[in-house]
Each structure stands twice: as structure tokens, then as C-alpha cells.
Amino acid sequence: MSDSKAPGKTSPKGAQQFSPSASDRRRHKLQHHREVARDSLRQLLRSPIATFMTVLVLAIALALPSFLFTTLANVSRLADSWDSENKISLYLQVGMSDQQVENFVQKLLIREDLVAIDLIDAEQGLLEFKQFSGFSEIIDSLPANLLPAVVSVLAKDPSTAGLEALKMELQTMQQVDQAVLDLDWVKRFNAILLVVERIVIALSIILACAVLLIIGNTIRVNVESRRDEILVSKLMGATNDWVRRPFLYTGVFYAVVAAGVAWVIIELTLIMLQTPVLQLSQLYNSQFQLQGLGALGSLVLFLISLLLGTVAALISVNKFLNQLEPQ
């Protein structure tokens, strides 16, 4: 019997292996990410009270340093406005007539080392003092106005040495009783701001570590509760990336929601402080207003929170994945 094949007939072929394209793999991976994200969110919503408490603690830990940095930025902005004035106050001799004061001011106007001059005459100074001191009745009982005229000059040279030299020169003028340039308090204030800034940075690092510990411990509890599920998945061939993915999304959800709550806390606090701060600034003839985080500050808050959540989840999951390797 011949083993030759009959003409016109072909032997049956084996099963063909299907190889998905790169676009199919990307689409499948994206679909899996969406499913894992939805499942992680459902897991959080199944225990709303515990989730809310965790988010609130995280939000407070994020809001405190953010609020302190915002406050520090506002105070620094206010200090910069004080620093940039470069003013010297000249208290003139008491009893100078209006014509003498006017002649003195005209003499100052022709100086090239001054860029601006502001005159508060004795009568205007008395009215302002009565308005803000609360002793108007006592002042009215005085026989004469004992307040001198005050001339504030803005120096062209903003350096400390230039201001000191100009102050000493103006002090020698006959019409000037006293020239005041108080830079020491500005230096002390800036030194205090520097110390506070270092304290805020140290506090921020401590609270960032607290956020890492809180999210990491929460993820650890989730991993422990799904130990058997993870072990079965590993036995069936699941990769570490596949097992790690839902816990990373959990950490991301905690971080993003906590950053949003922290942002709301900061903005509400600043809104509550806006009116009293504005009233206080108006008492000093200033239009200073509090500024919030702004777009850049808000973005930094969310990015730092997202980074902390992701790192905490990675550390926690990787540690326990090593312990859950099947024997």
C-alpha cells in the first residue's frame, strides 16, 4: 500500500497562533487600568467613614504646611513693600511758619539724590493724631500745637550705606530737628522671617513623612485583607505589576482627594481672614490683601500629594509582595 498522498488533497494544518498588535495591547492595557481604577474607587466607597477619616487626617497634614507657606509668602510680600520705600522722615523744628516749611521743601525739591518728597504739615499731623489716638479732647485743651511738620523723602540710592549717609547729611540741616531712618527693625523682621521659614520647612518634612506613613499603613491593611486573593493571582501567573496596580490607584485616590480637601481648607481659612486683614491694613493706609495659593501653588500642592501617595503605595506594596511570593 502506497504512502503517497492522493493528488488534490492537502494535509490538515495545525492551529494558528494569534499575535495581538501593539495597538490592541495598548487598548487592552488602558481598559485594564480603567477597570482597576473603578474597582479601587469602589473599594474605598464601601467603607465611607474609614475613608473619610483617613482623607481628613491627610488633608490636615497637607493643609498645615501649605497654609504656613502661604502666610509666610504674604508676610514676605508685605515686608518687601516696606523695604522698597527707602524713606527718611525729617521732623522739622517746632514753631516753623508755613512759609519757612515751604522754603525748606523747595530746597529739597532741587536735590538730585531725592526722587520724591511728601509733606505733612503741623495742622495735618495734629488732625491725624487726634483721629487715631483717641485723645482729641485732651489735645483740644492744649494752648498750642506742639507737633512739628514732617517731611518724608524717598532716596534715589536704596542701599543701606547710601541711606545712612543721606540721613546724616539731612540731620545737619538747620530746619531739621531729627532725621529718622529705622532699618534695624526691618533687618530683625527679615531675620525672624528666615527663622520661621526654616521652621516651616522642617515641619513640612515631618508632615510629609506622616502622610507617607498614613497612606503606607492604609495600603498595608488593604494588602493584608486581600492576601489570599493576591496569592491565588500569583499562582495563576499574575505579574507584580498586575498585582500592584490596584493598590497604586488606591494611594493616588487618597492623595488627590486629600489634596483637594486641603485646598478647600486653606482657601476657606484665607477667606475668613481676608476682611479683618483688610480692615487692619486700612488703619495703616495700606491696600494690602491676602493672596491664596494661586494656580502654581495649587498645582504644587496636588503634585506633592500625588507623589507622596504613589511613593507610599509603592513602598508598602513592594514590601508585602516580597512576603507573599508563593513557595
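About the thresholds
- Residues numbered from 1 in each chain as written.
- Predicted model: local features only at pLDDT ≥ 70, side-chain atom pairs only at ≥ 80, totals over all residues.
- Heavy atoms only, no water.
- Helix = DSSP H or I, 4+ residues; strand = E, 2+ residues; numbered from the N terminus.
- Buried < 20%, exposed > 50% of the residue type's maximum accessible area, 1.4 Å probe, protein only.
- Contact = heavy atoms within 4.5 Å.
- Areas by Shrake-Rupley, 256 points an atom, 1.4 Å probe, with all protein chains shown as cover.
- Axes fitted to C-alpha atoms, helices over the stretch in contact; angles between N-to-C directions.
- Parallel < 35°, antiparallel > 145°, perpendicular 65-115°, else oblique.
- Left-handed = near helix turned anticlockwise from the far one by under 90°.
- Nonpolar A, V, L, I, M, F, W, Y, C, P; charged D, E, K, R; others polar.
- Phe/Tyr/Trp six-rings, centres within 6.5 Å; stacked < 30°, edge-to-face > 60°.
- Pairing = 2+ DSSP bridges.
- pLDDT = per-residue confidence, 0-100.
- Patch = residues over 30% accessible without salt bridge, like charges linked within 9 Å, V, L, I, M, F, W, Y side chains within 5 Å.
- Salt bridge = Lys/Arg side-chain N within 4 Å of Asp/Glu carboxyl O.
- Expected span 1.5 Å × (residues − 1).

Q: So what about the overall build of the protein chain? Which residues, and what values?
A: When its secondary structure is counted, the protein chain shows 10 helices and 4 strands. For the protein chain, buried positions account for 29% of its 327 residues. Pairs at least 24 residues apart make up 82% of the contacts formed inside the protein chain by residues separated by at least 6 positions. Total accessible area on the protein chain stands at roughly 21400 Å², and carbon and sulfur atoms take up 62% of it.

Q: Residues and numbers for the packing of helix α9 (residues 240-283) against helix α10 (residues 294-323), please.
A: Any two packed helices are characterised by the angle at which their axes cross and by the distance between the axes. As a packed pair, α9 and α10 sit with axes 8 Å apart at the nearest point and diverge in direction by 150°. Compared by their axis directions, α9 and α10 come out roughly antiparallel. α10 is crossed by α9, and the crossing has right-handed handedness. In the contact of α9 with α10, the residues fall into 16 nonpolar, 8 polar and 1 charged.

Q: Explain the packing of aromatic side chains to me, and be specific about the residues and the numbers.
A: Throughout the structure, instances matching the rule amount to 1 aromatic pair. Where Tyr249 meets Phe253, the ring centres are 6.4 Å apart and the plane angle is 35°; that geometry is what we call tilted. Taken together, the positions of Tyr249 and Phe253, both in helix α9 and 4 residues apart, correspond to about one turn of that helix. A relative accessible area of 23% means that Tyr249 is categorised as partly exposed. For Phe253, a relative accessible area of 22% gives the class partly exposed.

Q: Could you give an account of the sheet that holds strand β4 (residues 176-180), naming the residues involved and the relevant values?
A: Taken together, the 4 strands give an open sheet; going across it, the order is β2-β3-β1-β4, and neighbouring strands pair in antiparallel fashion. Two strands bound the open sheet, and with one partner strand each, they are β2 (114-120) and β4. Adjacent strand axes in the sheet meet at a mean angle of 20°, parallel and antiparallel pairs treated alike. In terms of strand pairing, strand β1 (residues 87-92) meets strand β3 (residues 150-155) through 5 bridges, oriented antiparallel. Paired with Leu90 across the strands is Val151, a residue of β3. Relative to β4, helix α6 (residues 160-171) is tilted by about 170°, and along the sheet it contacts β1, β2, β3 and β4.

Q: Explain the confidence of the model for the protein chain to me, using residue names and the numbers behind them.
A: In the predicted model, the protein chain carries a mean pLDDT of 77, and the fraction of residues at 70 or more is 78%. Element-level pLDDT for the protein chain is lowest in helix α5 (residues 136-140), with a mean of 52, against a maximum mean of 87 in α10. Counted against residues more than four places away or in other chains, residues 1-6, with its pLDDT under 50, gives 1 contact.

Q: Outline the environment of Leu278, supporting the account with residue identities and numerical values.
A: Tracing the sequence through the fold places Leu278 in helix α9. Considering only alpha carbons, one finds Leu278 and Phe288, 10 residues apart in sequence, at a separation of 6.6 Å. In this view, Leu278 contacts Phe288 and Gln289; residues no more than four positions away in its chain are not counted.

Q: Got a sec to walk through the pairing of β3? Specific residues and values, please.
A: In terms of residue burial, β3 counts as a mostly covered element, since 5 of its 6 residues are buried. Examined bridge by bridge, β2 and β3 share 6 bridges and lie antiparallel to one another. Bridged to Ile120 within β3 is Val150.

Q: Give me the lowdown on the environment of Ser233, citing residues and values where you can.
A: As for its position among the elements, Ser233 is in helix α8 (residues 227-235). Sequence separation of Ser233 and Val243 is 10 residues, and the distance between their C-alpha atoms is 7.6 Å.

Q: Could you give me a rundown of a nonpolar patch on the surface, with the residues and numbers involved?
A: There is a patch of nonpolar side chains on the surface, built from Ile49, Phe52, Met53, Leu56, Ile60 and Ile265 and spanning about 580 Å² of accessible area. In terms of residues, the nonpolar patch owes the most to one element, helix α2 (residues 48-83), which gives 5 residues. In this structure, Ile49 sits in helix α2.

Q: Explain α10 to me, using residue names and the numbers behind them.
A: Here α10 contains 30 residues, and its C-alpha end-to-end distance of 44 Å stays within 8% of the 44 Å for a straight helix at 1.5 Å per residue. What α10 keeps buried is the set Ser298, Leu301, Ser305, Leu308, Gly309, Ala312, Ala313, Ser316, Val317, Phe320 and Leu321.

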